[in-house]
Amino acid sequence: MPEFAPLKNDLILRAARGEKVERPPVWVMRQAGRYLPQYHVVKAKNDFFACCRNPELASAITIQPIDHYDGYLDAAIIFSDILVIPQAMGMKVDILDKIGPHFPDPLREPSELETKLNKEVDVLKELDWAFKSITETRLKLNGRVPLLGFCGGPWTLMVYMIEGGGTKLFRYAKTWLYAHPEASHELLSRITAVAVEFLVQQVVAGAQMLQVFESWAGELGPKEFKEFSLPYLRTISSGFRKRLLELGITEHIPLTIFAKGAWYALDWLADSGYDVVSLDWLFDPEEAVKIANGRVVLQGNLDPGTMYGSKEVISKKTEEMIRDFGGGKQGYIVNLGHGTQPFFDPENLGWFLKEVHRVGSAS
């Protein structure tokens, strides 16, 4: 491994460890993306996954928001996608323009677990390009901010693998849960094993903090979440720590869980081996602080739609959020409640970041 430059800004790592900080750190989910004009210049005629698999392009796109909002973002997150795990497991995935993810040949019957998925997954081989992108990006960042890696949560990936893309009804995935629970658990276990190794190897490649995106958590009721999501999220956190030690990595790498829509699950997630729990905008910050009770650092949770408001509205909502999370000097990382949207005005997002610095430094 190459020698990486010392960090000039470790604010988010200190905050994720629960330390007292001078102001709350801030980054934004999907901060490298279509809302920035320069993204389209770099992406040009390449399709989405071609950009992900090209370390030069992936690193350039990852660093774009760090340059654009110079000094106002406290982390970079690698430009990639949660669906690289299904790809590594043998499934074909396309990103269709204006449609989103598409699996031409999704899983529909339990018997297809043996015919459509690789029996053994060599994560280092299948996702070699992802690790090269992380290493190259970490080198190019030159210590400006930490680099975050990520993966999709098992239930979320299962949904895409079975539905074949985005869905409003979850017909096929729910059929598996209720008609084929044993096959569902087998698939979730296989995804989990790949996720653990993928996260660990991202650390080996240079990632300094990681997030698990259980984006479809809110489509499960509390009992179903406890059966089909929570055990696998806990296996990821424990397996990740164990595997790092096996590789001789003793540094504590902060791990974040984002279970979007699972408003009922914060208490469980706070006892699931994660350092940080990221919240969507459905949570009341003051109530979340009470439930977490210092067990984890909280992240979030401004409604992304706030970016369509005036600067005055953005300022007001940012002030309220930071205040309600306790001021931000300990136990808190600022973020949106979900990712950026293609229609964002980059200037409004920049105003939000500046206001976080202003309010967070004064509180």
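In the block above lies the structure referred to throughout.
What you see is a predicted model, and the numbers here were worked out from it, not measured in a lab.

Caption draft 1: Structural view of the nonpolar core. With 130 residues, the main nonpolar core has Met161, Leu187, Phe225 and Phe352 as its most contacted residues. For this core, the element with the highest residue contribution is helix H10 (residues 181–205), accounting for 12 residues. With residues near it in sequence (within four places) discarded, phenylalanine 352 still touches Val26, Val28, Leu302, Met307, Ile314, Thr318, Met321, Val334 and Leu336.

Caption draft 2: Quick peek at the layout of surface pockets. Size it by volume and the largest pocket reaches roughly 1,500 Å³. In terms of lining residues, the largest pocket is bounded by 44 residues, among which Arg30, Arg34, Asp81, Pro101 and Tyr160 are the most central. Those elements that place two or more of their residues in the lining of the largest pocket are helix H2 (37–43), strand E2 (94–96) and strand E3 (100–102). The leading source of residues in the lining of the largest pocket is H2, at three residues. Residues that form the lining of the largest pocket fall into these classes: 20 nonpolar, 14 polar and 10 charged.

Caption draft 3: Representation of the sheet that holds strand E5 (residues 209–214). An order of E1-E4-E5-E6-E7-E8-E9 is seen for the seven strands of this open sheet, with the pairing classed as parallel. Among the strands making up the open sheet, the edge pair consists of strand E1 (76–77) and strand E9 (332–336). As paired elements, strand E6 (residues 255–259) and strand E7 (residues 276–278) share three bridges and run parallel to each other. In the sheet register, threonine 256 faces E7, and the bridge partner there is valine 276.

Caption draft 4: Representation of empty space enclosed by the protein. Counting across every chain of the model gives one cavity of 30 Å³ or more. Counted as a void, the largest cavity has a volume near 80 Å³. If you trace the largest cavity, you find it lined by Cys52, Ile78, Phe79, Ser80, Asp81, Trp129, Ala130, Ser133, Ile134, Phe150, Phe198 and Gln202. Going through the elements one at a time, helix H7 (128–141) and H10 are the ones with two or more residues in the lining of the largest cavity. Among the elements that take part in the lining of the largest cavity, H7 stands out by supplying four residues, more than any other. Across the lining of the largest cavity, the residue classes break down as eight nonpolar, three polar and one charged.

Calculation rules
Residues numbered from 1 in each chain as written. Predicted model: local features only at pLDDT ≥ 70, side-chain atom pairs only at ≥ 80, totals over all residues. Heavy atoms only, no water. Core = buried A, V, L, I, M, F, W, Y, C linked by side-chain atoms within 4.5 Å. Buried < 20%, exposed > 50% of the residue type's maximum accessible area, 1.4 Å probe, protein only. Helix = DSSP H or I, 4+ residues; strand = E, 2+ residues; numbered from the N terminus. Contact = heavy atoms within 4.5 Å. 1 Å grid on protein atoms, 1.4 Å probe; cavity = no way out; pocket = protein on both sides within 12 Å on 5 of 7 lines; lining within 4 Å. Points joined across faces, edges and corners; volume = space filled by probe spheres on them. Nonpolar A, V, L, I, M, F, W, Y, C, P; charged D, E, K, R; others polar. Pairing = 2+ DSSP bridges.

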